[in-house]
Amino acid sequence: MATATYPPPPPYYRLYKNYLEDPKSAPEPPPPVEGTYVCFGANYTTDDVLPSLEEQGVRQLYPKGPNVDYKKELRSLNRELQLHILELADVLVQRPSQYARRVEEISLIFKNLHHLLNSLRPHQARATIIHILELQIQRRKQAVEDIKRRREEAQRLLKESLGTLDGQ
Amino acid sequence: MDIISQLQEQVNTIASLAFNTFGTLQRDAPPVRLSPNYPEPPAVPAEDAANFAEQPKLMSAALVKAAKQFDALVAALPLSEGGEEAQLKRIAELQAENDSVGQELQKQLEAAEKELKQVQELFNQAADNCLNLKKPD
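Chain B is annotated in an unreviewed UniProt entry as Mediator of RNA polymerase II transcription subunit 21 from Rhamnella rubrinervis. Per UniProt, chain B carries the Subunit (unreviewed entry) text "Component of the Mediator complex." Under the UniProt heading Sequence similarities (unreviewed entry), the note attached to chain B is "Belongs to the Mediator complex subunit 21 family."

As named in an unreviewed UniProt entry, chain A is Mediator of RNA polymerase II transcription subunit 7, taken from Rhamnella rubrinervis. UniProt lists a comment for chain A under the heading Sequence similarities (unreviewed entry), and it reads "Belongs to the Mediator complex subunit 7 family." In its Subcellular location (unreviewed entry) section, the UniProt entry covering chain A states "Nucleus".

Structure, rendered in structure tokens:
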């Protein structure tokens, strides 16, 4: 692992000297990385999963379970947020020294909101894949139809020209 | 921008409206008498006081509007499919159909290319015959 400030490029280019004559004399490209890897001194992981709220030490306000009703929970979290903002305004007027707990609760609600929205992303990714596949199937069917039509057209023209030549 | 990003932006907007509201009101509030022991605070010019009385109304209206906008965006979420398994099943089905249509396309393409070669061959022969039959002047 190079630790110089401006390291030279890796010297693997020498191995590909005879690549044009013999493609097998050069090494294969390295296989894809699995697990965790280090890049520019930082650790990255190939398995991108959203860490649950408990792992980040944040209390989860919406019910856990296999299928969460996202719309309902988002709306109820929104209402909770508005109520807490009003509570904060009240506390600032009446008992200004107790603001900290209210601010904590508001930030908790925001964290829950963002976590809920982030957990919608895998669903969105799958829906995008479905949409792309449907578009691709439609385009391929269109292409098949076009080719069939053109072939039939060509056959017809050939027969016609055959008839014309024969008639001559 | 896609709907989830819009929702995230809206959450951040609500947050910034909230802390701007509290920050502005705390910074600009005129002094108020806390107890009869303290003297009356110096009065503030009437124009500033009038402007300042408008601020809470405007800011809270903006906050409520942002919250309503968030609800509208939530209502627009296209969460049609019920569950991850249903989506994965649909993806598998679509992949199978895509493969079969792809093979059909491949077959048609090969047949079309073969016919193209034949036509080109015929055209070459016809052109050669034409050249051979044409007598030089």
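A tally of helices and strands in chain A yields three helices and two strands. The secondary structure elements of chain A, listed N-terminal to C-terminal, are β-β-α-α-α. Computed over the C-alpha atoms, the radius of gyration of chain A is 32 Å, more than 25% above the 15 Å expected from 2.2 N^0.38 for a compact globule of 168 residues. Referenced to the eigenvectors of the C-alpha coordinate spread, the extents of chain A come out at roughly 105 × 55 × 30 Å. Here chain A has roughly 13,400 Å² of accessible surface; of this, 57% comes from carbon and sulfur atoms. Of the side chains in chain A, 24 bear a positive and 22 a negative charge, and the two mean positions are spaced by 3 Å.

With that settled, consider the UniProt feature "coiled-coil region" (unreviewed entry) in chain A. Mapped onto this numbering, the UniProt entry annotates "coiled-coil region" (unreviewed entry) at residues 130-164 of chain A. Structurally, residues 130-164 of chain A is divided into 100% helix and 0% strand, and its ends, taken at the C-alpha atoms, are 51 Å apart.

Under the feature "coiled-coil region" (unreviewed entry), the UniProt entry names residues 91-129 of chain B. Between the end C-alpha atoms of residues 91-129 of chain B there is a gap of 56 Å, over a span that is 100% helix and 0% strand.

To continue, consider a nonpolar patch on the surface. Residues and elements named next belong to chain A. A cluster of nonpolar residues, Y12, L15, Y16 and Y19, forms a patch on the protein surface that exposes about 440 Å² of accessible area. Of note, L15 is situated in the segment before β1 (36-39). Judged by relative accessible area, which is 46%, L15 ranks as partly exposed.

Let us now look at the interface of chain B and chain A. Listed per partner, the contact involves 41 residues of chain B and 38 residues of chain A. Carbon and sulfur atoms supply 68% of the area buried between chain B and chain A, which totals about 3,900 Å² over both sides. When the buried area of chain B at its contact with chain A is split by residue, F22, Q87 and N98 of chain B rank highest and sum to 15% of it. Our enumeration of links across chain B and chain A arrives at five salt bridges.

A few words on helix α3 (residues 84-133) of chain B. Here α3 of chain B contains 50 residues, and its C-alpha end-to-end distance of 72 Å stays within 8% of the 74 Å for a straight helix at 1.5 Å per residue. Of all the positions in α3 of chain B, only Q87, I91, L94, N98, V101, G102, L105, Q108, A112 and E115 of chain B are classed as buried.

Looking at chain B as a whole, its pLDDT mean stands at 88, while 96% of the residues score no less than 70. Taken over the whole predicted complex, pTM reads 0.75, whereas the ipTM for its chain interfaces reads 0.77.

Counted at 1.5 Å a residue, the expected span for helix α2 (residues 46-75) of chain B with its 30 residues is 44 Å, and the 45 Å between its end C-alpha atoms agrees. When α2 of chain B is considered as a whole, its buried residues turn out to be F52, M59, L63, A66, A67, F70, L73 and V74 of chain B. Tucked inside the fold, the buried residues of α2 of chain B contact α1 (70-94) and α2 (99-118) of chain A together with α1 (3-28) of chain B.

Residues and elements named next belong to chain A. Overall, the coordinates contain two aromatic pairs over all chains when judged by the stated rule. Consider the rings of Y37 and Y44, whose centres lie 5.8 Å apart with planes at 25°: the pair is stacked. Overall, Y44 belongs to the partly exposed group, its relative accessible area being 41%.

All names here are of chain A. The pairing of β1 with strand β2 (residues 42-45) spans four bridges and is classified as antiparallel. Across the sheet, C39 pairs through a bridge with A42, a residue of β2. Counting the residues that bridge the hairpin from β1 to β2 gives two residues, and of these F40 lies at a positive phi of roughly 55°.

Quick notes on the rules
Residue indices begin from 1 for each chain and proceed along its sequence in written order. Working convention: letters from A go to chains and numbers from 1 go to ligands, in the order in which they are written. Under the rules for a predicted model, residues below a pLDDT of 70 receive no local features and side-chain atom pairs below 80 are neither given nor counted, while totals for whole chains, interfaces and linings still include all residues. Side-chain measures were taken over the full set of non-hydrogen atoms in the model, leaving aside hydrogen atoms and water. UniProt positions are given in the numbering used here, feature names are shortened, and annotations may be inferred rather than shown by experiment. Starting at the N terminus, helices and strands are each numbered in turn, a helix being any DSSP run of H or I of at least four residues and a strand any DSSP run of E of at least two. In this treatment the radius of gyration is a C-alpha quantity, and the globule benchmark scales as 2.2 Å times the residue count to the 0.38 power. The accessible surface values rely on the Shrake-Rupley method and a 1.4 Å probe; as for residues, cover is taken only from the protein chains in view. Lys and Arg are tallied as positive, Asp and Glu as negative. Neither His nor the chain termini are counted. Think of each charge as sitting on NZ of Lys, CZ of Arg, CG of Asp or CD of Glu. Patch membership needs two things, relative accessible area over 30% and no salt bridge, and members are linked within 9 Å if like-charged or within 5 Å if nonpolar (Val, Leu, Ile, Met, Phe, Trp, Tyr). Any Lys or Arg side-chain nitrogen located within 4 Å of an Asp or Glu carboxyl oxygen qualifies as a salt bridge. Think of it in three bands: with a 1.4 Å probe and only protein chains considered, a residue is buried below 20% of the maximum accessible area for its type, exposed above 50%, and partly exposed in between. We call two residues in contact whenever any of their non-hydrogen atoms come within 4.5 Å of each other. Here's the idea: put two parts together, see how much 1.4 Å probe accessible area each one loses, and the total over both is what we call buried area. A helix is expected to reach a length of 1.5 Å times the quantity of its residues less one. pLDDT measures how confident the predictor is about each residue, on a scale from 0 to 100. The rule is short: rings of Phe, Tyr and Trp, with Trp giving its six-membered ring, pair when the centres are within 6.5 Å, and they are stacked under 30 degrees, edge-to-face over 60, tilted in between. Think of it this way: DSSP has to see at least two bridges between two strands before they count as a pair.

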